[in-house]
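Spelled out from the first residue to the last, the chains are:
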Amino acid sequence: MNRAIISDIHGNLEAFQAVLEDINLQKVDEIFCLGDVVGYGPNPCECVELVQKHCKVVLLGNHDQGVLFDPEGFNVVADKAIQWTREQLEQRDRRAKHSSNQLMDFLGELPRNYRDTPGNNLFVHGSARRPIDEYVFPEDRYNALKMQNIFELIDRYCFQGHTHIPGVFSTAPDFISPDVPLDAPKNISECRIALPDGKAMINVGSVGQPRDQDPRSCYVIVDDEQSVRFRRVPYPCEKTCEKIHAIDKLDNFLGDRLLQGR
Ligand code: ZN
């Protein structure tokens, strides 16, 4: 079973479309999405609709949750973006005249985690310990207790997102980042990373708001049991940035950061 695992689309339609096109060429049987379909970006409705259409499993992220309930723990910029996102989804639902609120109800029914059988792999947005909102950053490899506590909850591999920083954590604890070829930032590139024999956490990076200084969208393909392929896909981020600049309630910074991948 070949699987594409995406996360943190954040309402970025241009990025999501580019990734879906790339996935289409990769002989994939199914797509999993680890949450944060919305929040920050200018096209939340379109991204929810595409996720509904293409993804077999979709998990709840902290921004999706923020849209559903009163957002907690967000900074002012993120909070305003969440309020604006909620308005967009509710408006779209009202105009659609379905008996149900298709987009909001879909978000409201998303699970917090998913376990595949066989395989015993876990899928979450944040961490195995707090599926929706715990960050596991690369520097947490120096926090042995935190890593140990989280790894105790994992049988084999745990796929996660949330930090927008792709890579593989082993129980050492250690963190391996996918290499970025120096000449690559304009092209599609791929880095295959071997998985340890024991347990691992795999952060699949972000489709719609990469924060590892590489503006290209990031996602993962799993096509064997011993490795994962990190794919980087360029998309017209200038276009997304312009859309964000044109929306008052979305801070300009949310567009600018896309151009730099931060
Ligand atoms: Zn996110």
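Remember, it's a predicted structure, so these values are computed and weren't measured experimentally. (Residues numbered from 1 in each chain as written. Predicted model: local features only at pLDDT ≥ 70, side-chain atom pairs only at ≥ 80, totals over all residues. Heavy atoms only, no water.)

Attention shifts here to the coordination of the zinc ion. Here the zinc ion is held by the protein donor atoms D8 (OD), H10 (NE2), D36 (OD) and H164 (NE2), which lie 1.9 to 2.5 Å from it. If you list the donors of the zinc ion from N- to C-terminus, the spacing comes out as D-x1-H-x25-D-x127-H. Linking D36 in the loop between β2 (30-33) and α2 (44-54) with H164 in the loop between β6 (157-160) and β7 (167-170), this pair joins segments that are 128 residues apart in sequence. Residue D36 is classed as buried on the basis of its relative accessible area of 1%. By relative accessible area, H164 is classed as buried at 2%. (Donors = N, O, S within 2.8 Å, 3.2 Å for Na, K, Ca; no water. Helix = DSSP H or I, 4+ residues; strand = E, 2+ residues; numbered from the N terminus. Buried < 20%, exposed > 50% of the residue type's maximum accessible area, 1.4 Å probe, protein only.)

Looking at the element boundaries, F169 is found in strand β7. Since its relative accessible area comes to 1%, F169 is described here as buried. Residues F169 and P118, 51 residues apart in the sequence, show an inter-C-alpha distance of 22 Å. With residues near it in sequence (within four places) discarded, F169 still touches V136, F137, P138, M147, F151, Q160, D174, F175, K199, A200 and M201. (Contact = heavy atoms within 4.5 Å.)

With mixed pairing, the six strands of this open sheet are ordered in space as β3-β2-β1-β11-β12-β9. The sheet is open, and its two borders are formed by β3 (57-58) and β9 (189-194), each paired with just one other strand. By the bridge criterion, two bridges tie β2 to β3 in an arrangement that is parallel. Across the sheet, F32 pairs through a bridge with V57, a residue of β3. Relative to strand β11 (residues 217-222), helix α1 (residues 13-24) is tilted by about 30°, and along the sheet it contacts β1 (3-6), β2, β11 and β12 (227-233). (Pairing = 2+ DSSP bridges. Axes fitted to C-alpha atoms, helices over the stretch in contact; angles between N-to-C directions.)

So, on to the environment of D64. Looking at where D64 falls in the secondary structure, it is placed in helix α3 (residues 62-68). Sequence-wise, D64 and D140 are 76 residues apart; in three dimensions their C-alpha atoms are separated by 25 Å. Setting aside anything within four residues of it in sequence, one finds D64 in contact with G35, D36, V37, V38, L59 and L107.

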